[in-house]
Amino acid sequence: MAGALRDLLDLSGRRVLVTGAAHGLGAAIARAFAQHQAALVLADRDAPALRDRAESQMAFGGADGRGVYAAAKAGISQFTRTAAVEWGRAGVRVNCIAP
């Protein structure tokens, strides 16, 4: 059973986009995905905090291939739409920004 659970939680090679990743729930979700070896792409309007968050994910063993993007809310929304088209079913998208 432990092996099956480990396989279920193994996100190696899965690309995960988390919006609102610099603070609060978004940051916690990004950390959890990093702990399960996901390749993170983090998005937030707060560029300095986002840079700090991306650097801190390295301590949790997140996979390589992580990127950061910061812009106004409209830019993040467009970015997530583009990411969904490019990654399709191969990726995971978590939105932690208010509408």
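Attention in this report is confined to the structure presented alongside it. (Residues numbered from 1 in each chain as written. Predicted model: local features only at pLDDT ≥ 70, side-chain atom pairs only at ≥ 80, totals over all residues. Heavy atoms only, no water.)

A49, L50, R53, A54 and Q57 are the residues of helix 3 (residues 47-57) that are buried. In a view along the axis of helix 3, the buried residues occupy a sector of 140°, so they form one face of it. The exposed residues of helix 3 that point more than 90 degrees off its buried face are D52 and E55. (Buried < 20%, exposed > 50% of the residue type's maximum accessible area, 1.4 Å probe, protein only. Helix = DSSP H or I, 4+ residues; strand = E, 2+ residues; numbered from the N terminus. Arc of directions from axis to C-beta.)

With respect to the helices and strands, the residue D44 is situated in the loop between strand 2 (39-43) and helix 3. The buried charged residue D44 lacks any salt bridge, with R45 as its nearest oppositely charged partner at 5.8 Å. Within the structure, the side chain of D44 is placed 3.2 Å from the backbone nitrogen of A22, a separation counted as a polar contact. A polar side-chain atom of D44 sits 2.8 Å from the main-chain amide nitrogen of D46. (Lys, Arg positive; Asp, Glu negative; His and termini not counted. Salt bridge = Lys/Arg side-chain N within 4 Å of Asp/Glu carboxyl O. Polar contact = N/O pair within 3.5 Å; in protein donor to acceptor, adjacent residues only side chain to side chain.)

The subject of this paragraph is the pairing of strand 1 (residues 15-19). With 4 of 5 residues buried, strand 1 lies mostly within the body of the structure. For strand 1 and strand 2, the ladder comprises 5 bridges, and the chain directions are parallel. Its bridge partner lying in strand 2, T19 is registered against A43. Once the chain exits strand 1 it traverses helix 2 (residues 24-35) before rejoining the sheet at strand 2, and the crossover so formed is right-handed. Sheet analysis places strand 1 next to strand 4 (residues 91-95), joined by 5 bridges and oriented parallel. Bridge pairing links L17 to R93 in strand 4. (Pairing = 2+ DSSP bridges. Right-handed = clockwise from strand over helix to strand, strands pointing away.)

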